[in-house]
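# Per-entry structural report
Each chain is listed here by its residues.
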Amino acid sequence: MPSAQNERNCPELLTEKFAYIFDEMLIKEICANGKWQHFKEDDIIIEIGMPIQFFPIIISGSVKVLTEDKEDNDLLLYYLELGETCAITLNCCAQSAKSNIKAIAETDVEVIFIPQNKLDEWMSNYPQWRAFILESYHSRLNEMLAAIDNLAFNNMEERLLKYLKDKTLINRSMEINITHSEIANDLHSSRVVVSRLMKKFEKEGILQQHRNKITITALKRLS
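Residues numbered from 1 in each chain as written. Predicted model: local features only at pLDDT ≥ 70, side-chain atom pairs only at ≥ 80, totals over all residues. Heavy atoms only, no water.

## Description of the state of the cysteines
- For the structure shown, the criterion picks out 1 disulfide.
- A sulfur-sulfur distance of 2.1 Å marks the disulfide that ties Cys-10 to Cys-31. Its S-S torsion of approximately -85 degrees makes the covalent link between Cys-10 and Cys-31 left-handed. With Cys-10 in helix α2 (residues 10-18) and Cys-31 in helix α3 (residues 24-33), this pair connects stretches of sequence that are 21 residues apart.
- This cysteine, Cys-86, is not joined by any disulfide, and Cys-92 carries the nearest cysteine sulfur, 7.9 Å off.
- Left unpaired, Cys-92 is separated from the closest cysteine sulfur, that of Cys-93, by 7.5 Å. (Disulfide = S-S within 2.5 Å. Helix = DSSP H or I, 4+ residues; strand = E, 2+ residues; numbered from the N terminus.)

## Looking at the layout of surface pockets
- Of the pockets and cavities examined, the largest pocket occupies roughly 510 Å³.
- Forming the boundary of the largest pocket are 22 residues, of which Leu-77, Tyr-78, Ala-147, Lys-162 and Asp-166 lie nearest the centre.
- Breaking the lining of the largest pocket down by element, the ones donating at least two residues are β5 (74-80), α6 (127-153), α7 (156-171) and α8 (180-187).
- Of the residues in the lining of the largest pocket, the class split is 13 nonpolar, 2 polar and 7 charged.
- Considering only enclosed or pocket space, the second largest pocket measures out at about 380 Å³ in volume.
- In terms of lining, the second largest pocket is formed by 19 residues, of which the most central are Glu-41, Asp-42, Glu-106, Lys-167 and Asn-177.
- Where the lining of the second largest pocket is concerned, the elements lending two or more residues are α7, β8 (175-176) and α8.
- The element best represented in the lining of the second largest pocket is α8, accounting for 3 residues. (1 Å grid on protein atoms, 1.4 Å probe; cavity = no way out; pocket = protein on both sides within 12 Å on 5 of 7 lines; lining within 4 Å. Points joined across faces, edges and corners; volume = space filled by probe spheres on them. Nonpolar A, V, L, I, M, F, W, Y, C, P; charged D, E, K, R; others polar.)

## Description of the sheet that holds strand β7 (residues 109-115)
- Pairing in this open sheet of 3 strands is antiparallel, and the strands run β1-β7-β3 from one edge to the other. One side of each edge strand has no neighbouring strand; the edge strands of this open sheet are β1 (35-39) and β3 (54-60). With strand direction ignored, the average angle separating the axes of adjacent strands in the sheet is 30 degrees.
- Sheet topology note: the β3/β7 ladder contains 6 bridges and is antiparallel. Within the sheet, the bridge partner assigned to Pro-56 lies in β7 and is Phe-113.
- Here α2 sits on the sheet and contacts β1, β3 and β7; the angle it forms with β3, its principal contact strand, is near 75 degrees. (Pairing = 2+ DSSP bridges. Axes fitted to C-alpha atoms, helices over the stretch in contact; angles between N-to-C directions. Contact = heavy atoms within 4.5 Å.)

## Some points on the packing of α7 against helix α9 (residues 191-203)
- Packing of α7 against α9 brings their axes to within 11 Å, and their N-to-C directions diverge by 75 degrees. The pairing of α7 with α9 is recorded here as roughly perpendicular in orientation. For the pair α7 and α9, the contacting residues are Met-156, Glu-157, Leu-160, Leu-161 and Leu-164 in the first and Val-193, Val-194, Leu-197, Met-198, Lys-200 and Phe-201 in the second.
- Classifying every residue of the contact of α7 with α9 gives 9 nonpolar, no polar and 2 charged. (Parallel < 35°, antiparallel > 145°, perpendicular 65-115°, else oblique.)

Take a look at the structure:
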């Protein structure tokens, strides 16, 4: 649902969050053309196969971006946080293509959606917008390469440790509200494998397990 209050205060809110990236004129353009929306945790923001006519900029909260294999199993690609946008969605916008990723709210999220036609227009008119888009492509590409490298070359224990560390950083909390099945889904593994490793980590003092919740007790051990 759009937030009327945030839409009215859009220039002030975006100036507070993005003055270091965008100048006053571009912020006014974003507010005039963008659509502000709020999503609850676990809401689907973008679905695979959805026609892409807008692309998101994250105003608050975090979003996880996933793809699917041939058996419709999810694979986590990267997270988006404040001031970030999705490079794959940008690419779909540029080609007027349907989405080949799924974006899900990791926490409660506020997003401003920018119309497809503004992507190229602002690239020509605003150097800081061009720099923002190119940096977004660069950052997301590096994250996808890291995800592929992690999947191809790291064993499951290393992948799970990295996943838990990323979760604590994204949520800014040592407590993670998640089930073993959800972790297995994100990591393209099985619940049995995840449960076995989580039990091992608990014995090693890395974490404590509760019902649908994990408390990290030794963050340095996740590195």
